[in-house]
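# Report on the structure
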Amino acid sequence: MKKTSIGCFGLFLVVLLGMSLFFNVILLIPDVDTGSMSGGGRQNVFEKITLEGSGSDHIAVIPLYGVISYGVFGEVYDSMVDDIVAKLRQAREDDKVKAIILRIDSPGGEVTASDVIYNEVVKTDEVKPVLVFMESVAASGGYYVAAGARYLMSNELTITGSIGVIIQTYNVTQLSEKAGIDVLTIKSGKMKDILNPFRETKPEEVEYLQSMINETYDKFLGIVATERNLDAAELRDTVADGRILSGKRALSAGLLDGTGYFENAIEQAEELAGLTSSRVVELKAPLSVGRFFRLFGSSVESSKTLKIQLGPEALDLQAGKLYFLSPHVFGR
């Protein structure tokens, strides 16, 4: 009995010591401001990780992967949009960085989120050259963001283009009738429950939403026409009808400046910056206490739930929001 008590006490001490060591290591990890960029959070928080090369002249690589949305958590700030904006600002203000490669692999995303990043790309390119390299897909909102760069490059097989806007909702009136569900809606105006999935959409509502779509599309079209020096009317009647294009076809249509591989993008970035050699670095979020526990919490949550998602619902689209999204994500 005595030996068992000593053994349990020893095990308790080992566990206690291990926990103490763990939390002391965590506390040594520098924390960063995880607030919104609009709230004046610190900007120079991203570490430069060398990918290749050496020297004092840097080419900064900034990845933009996945759906562009304020609903996607950032590694440092509140959202991935804030993270990308902060990385562009940091690279823009870093005297060692001579050019920037925005590496995009995205089917698009929210209209406002895409526009905010595009605006930051434009401001950055006014200071130093920004080159966009498109990976597997850089369509719709992904292309919208890319349009602000000085040089656009993709693989010949990249999916790009998809210049257009979409809004969607579901209509479950027949299902609710079969299930015996009666929905009571009390509203202040006739348009307040527009896109209500529990009733048929009225023609005047469709007309109003179409006018919003057209207004947003016109801005998208105008940006592409201006940035690429193309005729807007001709674009509207040809490749700007929402269709997706391969990198090869996008180049022929004037939507790109070149095709190739990532090493070709590095060479082109050096040429734009007037460099003969460079150190290619990627801006990465440092490990922090907040980020550690966010990742830990996410991993625990994901281990509790098994989800099988097919089609656009896998992108976590929200009813009532306007999106720049490639039509290939809606394939069945």
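Keep in mind that what you see is a predicted model, and the values were worked out from it rather than measured. (Residues numbered from 1 in each chain as written. Predicted model: local features only at pLDDT ≥ 70, side-chain atom pairs only at ≥ 80, totals over all residues. Heavy atoms only, no water.)

### Considering the packing of helix H3 (residues 111-125) against helix H6 (residues 203-228)
In helix packing, the relevant descriptors are the interaxial angle and the interaxial distance, both defined with respect to the helix axes. For the pair H3 and H6, the least separation of the axes is 12 Å and the interaxial angle reads 25°. Classified by the interaxial angle, the pair formed by H3 and H6 is roughly parallel. In this structure, H3 meets H6 at a crossing whose hand is left-handed. On H6, the residues that touch Val 111, Asp 115, Tyr 118 and Val 122 of H3 are Thr 216, Lys 219, Ile 223 and Glu 227. When its residues are assigned to classes, the contact of H3 with H6 shows four nonpolar, one polar and three charged. (Axes fitted to C-alpha atoms, helices over the stretch in contact; angles between N-to-C directions. Helix = DSSP H or I, 4+ residues; strand = E, 2+ residues; numbered from the N terminus. Parallel < 35°, antiparallel > 145°, perpendicular 65-115°, else oblique. Left-handed = near helix turned anticlockwise from the far one by under 90°. Contact = heavy atoms within 4.5 Å. Nonpolar A, V, L, I, M, F, W, Y, C, P; charged D, E, K, R; others polar.)

### Overview of the pattern of salt bridges
Summed over all chains, the structure comprises 15 salt bridges. Put simply, Asp 94 and Lys 48 hold a salt bridge, and the shortest N to O gap is 2.8 Å. Taken together, the residues Asp 94 in the loop between helix H2 (80-93) and strand S3 (97-106) and Lys 48 in strand S1 (residues 47-52) connect sequence positions 46 residues apart. With a shortest N-O distance of 3.4 Å, Lys 190 and Glu 204 are connected by a salt bridge. Pair noted here: Lys 190 is in the loop between helix H5 (173-179) and H6 and Glu 204 is in helix H6, with a separation of 14 residues, a long-range link. Lys 190 gets classed as exposed once you look at its relative accessible area, which sits at 57%. (Salt bridge = Lys/Arg side-chain N within 4 Å of Asp/Glu carboxyl O. Buried < 20%, exposed > 50% of the residue type's maximum accessible area, 1.4 Å probe, protein only.)

### Comments concerning the confidence of the model for the protein chain
Confidence along the protein chain averages 83 in pLDDT terms, with 74% of residues attaining 70 or more. Contacts from residues 26-36, a stretch scored under 50 in pLDDT, to residues over four places away or in other chains number 31 contacts. A low-confidence stretch, residues 298-314 stays under pLDDT 50, and its non-local contacts, those more than four residues away or across chains, total eight contacts. (pLDDT = per-residue confidence, 0-100.)

### Some points on unusual backbone geometry
At Ser 140, a position not held by glycine, the phi torsion is positive, near 50°. Following the sequence through the fold, Ser 140 ends up in the loop between strand S5 (130-139) and helix H4 (141-146). Judged by its relative accessible area of 0%, Ser 140 is buried. Phi angles above zero are rare outside glycine, and Leu 195 is one such case at about 70°.

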